[in-house]
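Below, each chain spelled out in residue letters.
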Amino acid sequence: MNSPESSLLGKAATYADRYDASLLYPLPRAAQRALIGVTDRPIFLGADLWTAYELSWLNARGKPQVAIGRLTVPCESPHLVESKSLKLYFNSFNNTVFEDIEAVRQTLQKDLSEAVWRGGVVQSSVGVQLLSPDQYAKDKIAEMSGLSLDRLDLDCTHYQPAPELLSAASNEAPVTETLCSNLLKSNCLVTGQPDWGSINISYSGAQIDQAGLLQYIVSFRNHNEFHEHCVERIFMDIWTRCQPTKLTVYARYTRRGGVDINPWRSSHAQALPVQVRTARQ
């Protein structure tokens, strides 16, 4: 079984510049989910939304082509793809000839779908959208919606996840609201490098104490875990401690190595969020 420690994270690697699907390194989701009490079918739905800014290949005449890639990895897949392996895989396209951009898209979809469903039946393909340069001007920048928790002036003393900071006013009328913060930070599970993010939390139910929620978000500051696992931990802690009737957690992390990762988890079926990058991304 693949593990983060046996991946190429934090290790010297040779960059292949010819197409090589074997570079993709799937990591099982189950081990980290077990740590947050998810041992069977998760109670949440969702996807990991990736943006690849450094994607290039050659056309039939050997001329380089470029695109921005948007990937949608279903969270019900048994694996995620380790990010360094994904970057190495993208680099293997650099000196490879493809007939057209659609051939690139189909190759990405086939390889990524196989990787995240490896060992099982592909239940839903990885979504792949490629934006060509003539579409770049339409690509928007916007901040996450919701009432900013960062407006609160408070003391922060916890820098490892502290779910005990979470509480909700169960004796008051329920609310529906969306809250956001730019103060999410965690570290890579293997390398310890910082991961900076913004987070959006939408819920219905007993009103969550905003000060405690912000302190809880800040408590991830020295925590080592992959983006996807952090968002699932946040979802499960809020779901367990505050007991909302509906909950959606969406984080957008800044890019590293030309790739950003934006996990989205929800208690109920709804349309995926529109992929709009924040100013920091």
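In this text the structure is predicted, and so the values were computed from the model without any measurement.

Trainee: Please provide a residue-by-residue account of the sheet that holds strand β2 (residues 45-58), values included.
Mentor: As a general point, the strands of a sheet are linked pairwise by backbone hydrogen bonds and lie either parallel or antiparallel. The mixed open sheet is built from 8 strands, whose spatial order is β5-β3-β2-β12-β11-β9-β8-β6. At either end of the open sheet lies a strand with only one pairing partner, and these are β5 (127-131) and β6 (147-148). Summarising the sheet, strand β11 (residues 246-253) and strand β12 (residues 259-266) pair through 3 bridges and their orientation is antiparallel. Each bridged residue has a counterpart across the sheet, and for V249 the counterpart in β12 is R265. Where helix α3 (residues 101-116) meets the sheet, its contacts fall on β2, β3 (64-74) and β5, and the angle it forms with β5 comes to roughly 150 degrees.

Trainee: Provide a residue-level description of the nonpolar core, including the pertinent values.
Mentor: L184, I199, I201, L213, I234, I238 and V249 are the most contacted members of the largest nonpolar core, which totals 31 residues. In terms of residue count, helix α5 (residues 227-242) provides more of this core than any other element does, 7 residues in total. If we ignore the near neighbours within four places in the chain, the residues touching L184 are D195, W196, G197, I199, I217, F220, I234, A251 and Y253. By size, the runner-up hydrophobic cluster in this structure holds 25 residues, among which are A67, L108, W117 and L130.

Trainee: Just give me the short version of the environment of L55, but keep the residues and values in it.
Mentor: Summarising the element assignment, L55 is placed in strand β2. With a relative accessible area of 3%, L55 lands in the buried category. Taking C-alpha positions, L55 is 37 Å from K246, a pair spaced 191 residues apart along the chain. In this view, L55 contacts Q65, V66, A67, F90, L108 and L130; residues no more than four positions away in its chain are not counted.

Trainee: Go over helix α4 (residues 210-218) with me, naming the residues and quoting the values.
Mentor: Among the 9 residues in α4, 7 count as buried, and that is most of the element. Within α4, burial applies to Q210, G212, L213, L214, Y216, I217 and V218. Packing partners of the buried residues in α4 comprise β6, β8 (175-187), β9 (194-205), β10 (207-208) and α5. Its side-chain oxygen 2.7 Å from the backbone nitrogen of G212, D209 forms the N-cap of α4.

What counts and what doesn't
Residues numbered from 1 in each chain as written. Predicted model: local features only at pLDDT ≥ 70, side-chain atom pairs only at ≥ 80, totals over all residues. Heavy atoms only, no water. Pairing = 2+ DSSP bridges. Helix = DSSP H or I, 4+ residues; strand = E, 2+ residues; numbered from the N terminus. Contact = heavy atoms within 4.5 Å. Axes fitted to C-alpha atoms, helices over the stretch in contact; angles between N-to-C directions. Core = buried A, V, L, I, M, F, W, Y, C linked by side-chain atoms within 4.5 Å. Buried < 20%, exposed > 50% of the residue type's maximum accessible area, 1.4 Å probe, protein only. Polar contact = N/O pair within 3.5 Å; in protein donor to acceptor, adjacent residues only side chain to side chain.

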